[in-house]
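Coordinate analysis (summary)
The residues making up each chain are set out below.
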There are 2 protein chains.
Amino acid sequence: MKDRMTPAVRMTGHTQRGQCAKRMSILDAAADVFCRQGFAGASIDEIAAVACVSRQTIYNHYREKETLFVAVVEDVMNRANAMLFSVLSTFPANADNLEDELTAFAVRLNKNCICNHDGKFLRKLVQTEGERYPHLFESWRQQGPGKLTTALSALFARLAHKGTLVIGDFDVAARQFVALGNADLQMMILLGGTPTDEELEKAARNAVHTFLKAYGRPDAEKAGHPRQLAAISG
Amino acid sequence: MKDRMTPAVRMTGHTQRGQCAKRMSILDAAADVFCRQGFAGASIDEIAAVACVSRQTIYNHYREKETLFVAVVEDVMNRANAMLFSVLSTFPANADNLEDELTAFAVRLNKNCICNHDGKFLRKLVQTEGERYPHLFESWRQQGPGKLTTALSALFARLAHKGTLVIGDFDVAARQFVALGNADLQMMILLGGTPTDEELEKAARNAVHTFLKAYGRPDAEKAGHPRQLAAISG
DNA sequence: GTAAAGTTAGACGCCATTGTCTAAAACGTC
DNA sequence: GACGTTTTAGACAATGGCGTCTAACTTTAC
């Protein structure tokens with residue numbers, strides 16, 4: 001039997017690139033179909049059609065449906081983790097104009113990590129297939145939301161140490177920051193919709209406004225800032 | 001062809017009760033299996049086995065798989081809406097000891113509407129099959145989370161009118177109250193777990209504490225209340 | 001150009017599931 | 001006990017998806 005899983009090491013240039021393109025095309029198509037139909041509802045034929053690839057090619061690259069599913073989840077997880085890390089590195093370091101900077105950060109977080117393709121995929125699939133593949137999504141839980149809370153907690157601790165914020169429990173504050181950021185988007189997140197930039201901005205501003213009322217220095221009242229914005233329709 | 005869908009009107013006493021019991025047994029079993037496996041993954045045979053009923057009986061009561069699914073969703077939705085209404089009616093009316101009363105309310109809300117069987121079922125199924133049955137879950141969206149936000153908004157408005165709270169946008173505050181209440185439970189909610197009473201209490205207390213710091217009257221500082229509680233492990 | 005590898009379309013067996021049908025059994029009423 | 005209804009178990013055809021196989025085709029390396 002030929003070793004179909006690791007032929008790339010023996011290939012040169014163009015073939016590898018061609019194979020690689022096929023693999024990515026399959027992964028993207030499979031993510032799309034798995035996300036829409038779930039594992040049981042997704043058919044290899046549909047994935048092949050979406051990927052513009054023959055069914056046999058899928059079986060050549062990924063031995064069976066379950067292997068493909070695991071590969072898709074890991075691929076999306078890696079992208080999502082990289083994006084999360086990247087966004088976390090933009091957390092406002094100094095406290096000038098904290099409200100605006102925190103708002104912009106919340107927009108980035110929601111837009112690139114929560115409401116994007118990969119975020120939707122992972123949230124949906126964790127709910128749908130989480131019990132069937134506990135080990136698979138356990139790592140997501142730790143590297144995704146777990147890392148997010150831990151990192152945010154540390155960042156808020158730094159701001160509290162500087163005296164910019166007054167926080168009792170940093171972990172609680174981190175979770176509440178994320179929760180507040182999603183408060184206005186919950187329905188859209190649940191239904192799988194994608195918020196507009198304007199909605200993202202409103203949601204973030206409402207969240208940060210309330211967050212700072214709860215955790216900002218009592219004496220640091222800002223003047224002239226816009227009042228809380230109207231609710232998002234729907 | 002016999003009219004199998006409405007035989008109950010012609011039946012008397014015991015037979016009707018027997019049929020009714022079968023129907024409920026089927027609905028419960030189907031809810032369980034649909035929730036675990038999704039629509040595509042659920043098999044009628046498994047539902048029949050869980051319900052301790054023959055497969056044919058299911059087809060007698062509900063013409064086909066999809067009819068059964070719709071009936072299950074409507075059944076769960078009705079129960080969930082009734083429970084939500086019931087919990088909303090316990091919203092603290094007077095402002096004595098507002099923090100404790102709001103906390104107890106948040107516990108009731110999370111325990112009986114969000115983290116219970118029906119809540120889990122609806123959240124999961126809305127994500128899994130929402131796109132396939134938009135009309136079905138549209139009504140849930142309006143009667144469930146929609147009603148919750150609207151009702152809470154009005155209740156907070158009353159407290160604000162009395163001067164107990166200081167709120168700019170009542171709808172935003174309502175959504176943030178719910179979001180804060182779920183902040184510490186997000187992971188458990190996503191994974192389908194059930195929090196303990198202690199965890200529910202902690203989560204609610206953290207949420208209300210922050211909520212009141214943001215929306216409580218600035219002069220109404222409470223004395224001797226416990227500080228924010230430690231994070232929930234996990 | 002040739003050879004090796006990857007890709008494709010299609011046919012195929014296999015299995016699970018849906019939904020129907022039938023005859024027998026259980027249940028409740030009279 | 002007789003009767004009508006419901007329930008049951010099992011057989012049944014039809015469907016559709018998975019995974020394999022083959023023979024032809026395309027791409028790439030040399």
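See the structure printed just above.
Below is a short write-up of the structure. (Residues numbered from 1 in each chain as written. Chains lettered and ligands numbered in written order. Predicted model: local features only at pLDDT ≥ 70, side-chain atom pairs only at ≥ 80, totals over all residues. Heavy atoms only, no water.)

Another point: the interface of chain B and chain A. Each partner contributes to the interface: chain B provides 41 residues, whereas chain A provides 41 residues. Summing both partners gives a buried area of about 3,800 Å² for chain B against chain A, and 54% of it is carried by carbon and sulfur. Counting the surface chain B buries against chain A, the share from its top three residues, Gln127(B), Arg175(B) and Leu190(B), is 18%. Viewed at the interface, chain A and chain B are joined by four salt bridges. Among the ionic pairs, Asp184(A) bridges to Arg175(B), the shortest N-O distance being 2.8 Å. Those elements that place two or more of their residues in the side of chain B that touches chain A are α1 (13–41), α6 (117–129), α7 (134–161), α8 (170–183), α9 (186–191) and α10 (197–215) of chain B. Residue contributions to the side of chain B that touches chain A peak at seven residues, all from α8(B). Per-class residue counts for the side of chain B that touches chain A are 19 nonpolar, eleven polar and eleven charged. (Contact = heavy atoms within 4.5 Å. Buried area = accessible area lost by both parts, 1.4 Å probe. Salt bridge = Lys/Arg side-chain N within 4 Å of Asp/Glu carboxyl O. Helix = DSSP H or I, 4+ residues; strand = E, 2+ residues; numbered from the N terminus. Nonpolar A, V, L, I, M, F, W, Y, C, P; charged D, E, K, R; others polar.)

A few words on the pattern of salt bridges. In the structure shown here, the tally under the stated rule is 26 salt bridges over all chains. For the salt bridge of Lys111(B) with Asp197(B), the shortest nitrogen-to-oxygen distance reads 3.0 Å. In this pair, Lys111(B) sits in helix α5 (residues 98–114) while Asp197(B) sits in helix α10, placing the two residues 86 residues apart along the sequence. With relative accessibility at 38%, the residue Lys111(B) sits in the partly exposed group. Linked through salt bridges whose partners overlap, the residues forming this network are Asp32(A), Arg36(A) and Glu46(A). (Buried < 20%, exposed > 50% of the residue type's maximum accessible area, 1.4 Å probe, protein only.)

Near DNA strand C lie 23 residues; those nearest to it are Ser54(A), Arg55(A), Thr57(A), Ser43(B) and Gln56(B). Counting only atoms of DNA strand C within 4 Å of the protein, the fraction found in sugar and phosphate groups is 69%. Within the contact set of DNA strand C, a phosphate oxygen lies 3.0 Å away from a backbone nitrogen or oxygen of Ser54(A). Within the backbone of Lys65(B), one N or O atom sits 3.1 Å away from a phosphate oxygen of DNA strand C. Of all the elements in the fold, those that place two or more residues in the surface near DNA strand C are α1 (13–41) and α3 (55–61) of chain A together with α1, α2 (44–51) and α3 (55–61) of chain B. Considering every element that reaches the surface near DNA strand C, the biggest residue donor is α3(A), with five residues. (Near = heavy atom within 4 Å. Polar contact = N/O pair within 3.5 Å; in protein donor to acceptor, adjacent residues only side chain to side chain.)

Leu152(A), Phe156(A), Leu152(B) and Phe156(B) are the most contacted members of the largest nonpolar core, which totals 74 residues. Dropping the residues within four chain positions of it, Phe156(B) is found in contact with Phe91(B), Leu102(B), Leu165(B), Ile167(B), Phe170(B), Ala173(B), Ala174(B), Phe177(B) and Phe211(B). (Core = buried A, V, L, I, M, F, W, Y, C linked by side-chain atoms within 4.5 Å.)

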